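Chain and residue survey
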Amino acid sequence: MPDSAKPNAAPRGGSRILAIANQKGGVGKTTTAINLATALAATGASVLLIDLDPQGNASTGLGFGRGERQNGTYALLTDGLDLVTVRRATNIPNLWLVPSDPDLAGAEVELVGRDRREFRLRDAVRDHHGSVRPAYILIDCPPSLGLLTLNGLAAADAVLVPLQCEFFALEGISQLMHTIDLVRRGLNPSLRLQGIVLTMYDKRNNLSEQVAADARSFFGSQVYDTVIPRNIRVSEAPSHGKPVLLYDFRSPGAQAYVRLATELLRRERAHPASAA
Ligand SMILES: Nc1ncnc2c1ncn2[C@@H]1O[C@H](COP(=O)(O)OP(=O)(O)OP(=O)(O)O)[C@@H](O)[C@H]1O
Ligand SMILES: [Mg+2]
């Protein structure tokens, strides 16, 4: 491996970096990123959410429409802009966002010819010695296993995988596990699986129950006890530019994300180095 392709060993200021990834589309990555970030911020921890998806749904869902994003993840990855320059305060105390800027779609192609192309995000978040040292950095990955997601996985300490309770869910996840293995071997040896979160669980649907049972028998305790139910309030919240925790705190979806954050913190404390 040439030197330029090696992970940078510089200290990273104590942030715990979690990538939220699944190459399957529409499984609840962004919803989990927004609401877990909000629930963690509500505990008093400082949280930075990085929107690594050109769709920019995490940015929209936090109230940053297309016109209000300016420099964001693209500038961080390609122009080498500092995290302090591109982060934006949100309406939620302790929660910051690096929005997805409109140019991010071009980054997959543009980065190909760049030096340390898989480590651009890692370098940006880990070499940071400025005043921003969030306790948690959550990275909302796009639904692909391309260069952007590789940047997310190379930058992360651990991966959190939302798994939608539907047919074929487990087939997609084996491809993701294979990719995580490859990333571990080539780009980021310390990458761990933080956990698998079952999303859009519908208790009236036998299939949901079956997928949940299969996931638990295959992945054991790596599957979170907390299950995110299918809940209309969760799907309504982004159009109001709010996390469901703010849109309807009492809804089953919001309460599930509060429990997920509590479980995540418990797991982090139990296994501080490796998690889950
Ligand atoms: N628990 C839930 N209950 C109801 N709807 C949900 C729930 N979680 C997510 N959704 C809805 O499902 C859709 C997909 O969710 P989301 O955008 O979080 O998935 P994603 O994995 O980020 O998608 P993509 O792969 O396109 O980035 C959205 O319309 C979202 O509002
Ligand atoms: Mg998404």
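It should be emphasised that the depicted structure is a prediction, and the values quoted were computed from it without experimental measurement.

**Observations regarding the confidence of the model for the protein chain**
Chain-level statistics for the protein chain give a pLDDT mean of 90 and a share of 91% at 70 or above. Low confidence marks residues 1-13, where pLDDT is under 50. Its contacts with residues over four positions away, or in another chain, come to 27 contacts.

**Observations concerning the nonpolar core**
Ranked by internal contacts, the top residues of the largest apolar core, which has 50 residues, are Ile-50, Leu-121, Val-125, Ile-139, Val-161, Met-177 and Ile-196. No other element matches helix α8 (residues 169-186), which puts 6 residues into this core. If sequence neighbours within four positions are ignored, Val-161 has contacts with Ala-21, Asn-22, Ile-173, Leu-176, Met-177, Leu-193, Gly-195, Ile-196 and Val-197. If you look at the next biggest cluster of nonpolar residues, it comprises 36 residues, including Val-47, Leu-62, Leu-138 and Tyr-257.

**Thoughts on the sheet that holds strand β1 (residues 16-20)**
Whether parallel or antiparallel, the strands of a sheet pair through hydrogen bonds between backbone atoms. Taken together, the 8 strands give an open sheet; going across it, the order is β3-β4-β2-β5-β1-β6-β7-β8, and neighbouring strands pair in mixed fashion. If you trace the sheet from one side to the other, it starts and ends with β3 (88-89) and β8 (223-229), each paired once. Note: β1 against strand β5 (residues 136-140), 5 bridges, orientation parallel. In the sheet register, Arg-16 faces β5, and the bridge partner there is Tyr-136. Across the sheet, helix α9 (residues 206-219) is in contact with β6 (158-164), β7 (192-201) and β8; its angle to β7 comes to roughly 170°.

**Regarding the side chain of Thr-149**
Structurally, Thr-149 is set in helix α7 (residues 147-155). Only 2.8 Å separates the side chain of Thr-149 from the backbone oxygen of Ser-144, close enough to count as a polar contact. Leave out the neighbours within four places in its chain, and Thr-149 touches Cys-141, Pro-142 and Ser-144.

**Points about α9**
Here α9 is 14 residues long and its end C-alpha atoms lie 20 Å apart, about the 20 Å a rise of 1.5 Å per residue gives. Looking only at α9, the buried set comprises Ser-208, Val-211, Ala-212, Ala-215 and Phe-219. Down the axis of α9, the buried set is contained in an arc of 100°. They therefore lie on one face. Along α9, the residues that are exposed and aim more than 90 degrees away from the buried face are Asn-206 and Ser-217. Where α9 is buried, its residues touch β6, α8, β7 and β8.

**Quick look at the packing of aromatic side chains**
What the rule picks out here adds up to 2 aromatic pairs. Consider the rings of Phe-218 and Phe-219, whose centres lie 4.9 Å apart with planes at 80°: the pair is edge-to-face. Given a relative accessible area of 65%, Phe-218 falls into the exposed group. Given the relative accessible area of 10%, Phe-219 is considered buried. Lying over the aromatic face of Trp-96, Arg-87 brings its terminal NZ or CZ to 3.7 Å of the ring centre. Here the guanidinium or amino end of Arg-267 rests over the ring plane of Tyr-224, the centre of that ring lying 4.3 Å away.

Each value, and the rule that gives it
- Residues numbered from 1 in each chain as written.
- Chains lettered and ligands numbered in written order.
- Predicted model: local features only at pLDDT ≥ 70, side-chain atom pairs only at ≥ 80, totals over all residues.
- Heavy atoms only, no water.
- pLDDT = per-residue confidence, 0-100.
- Contact = heavy atoms within 4.5 Å.
- Core = buried A, V, L, I, M, F, W, Y, C linked by side-chain atoms within 4.5 Å.
- Buried < 20%, exposed > 50% of the residue type's maximum accessible area, 1.4 Å probe, protein only.
- Helix = DSSP H or I, 4+ residues; strand = E, 2+ residues; numbered from the N terminus.
- Pairing = 2+ DSSP bridges.
- Axes fitted to C-alpha atoms, helices over the stretch in contact; angles between N-to-C directions.
- Polar contact = N/O pair within 3.5 Å; in protein donor to acceptor, adjacent residues only side chain to side chain.
- Expected span 1.5 Å × (residues − 1).
- Arc of directions from axis to C-beta.
- Phe/Tyr/Trp six-rings, centres within 6.5 Å; stacked < 30°, edge-to-face > 60°.
- Lys NZ or Arg CZ within 6 Å of the ring centre and 35° of its normal.

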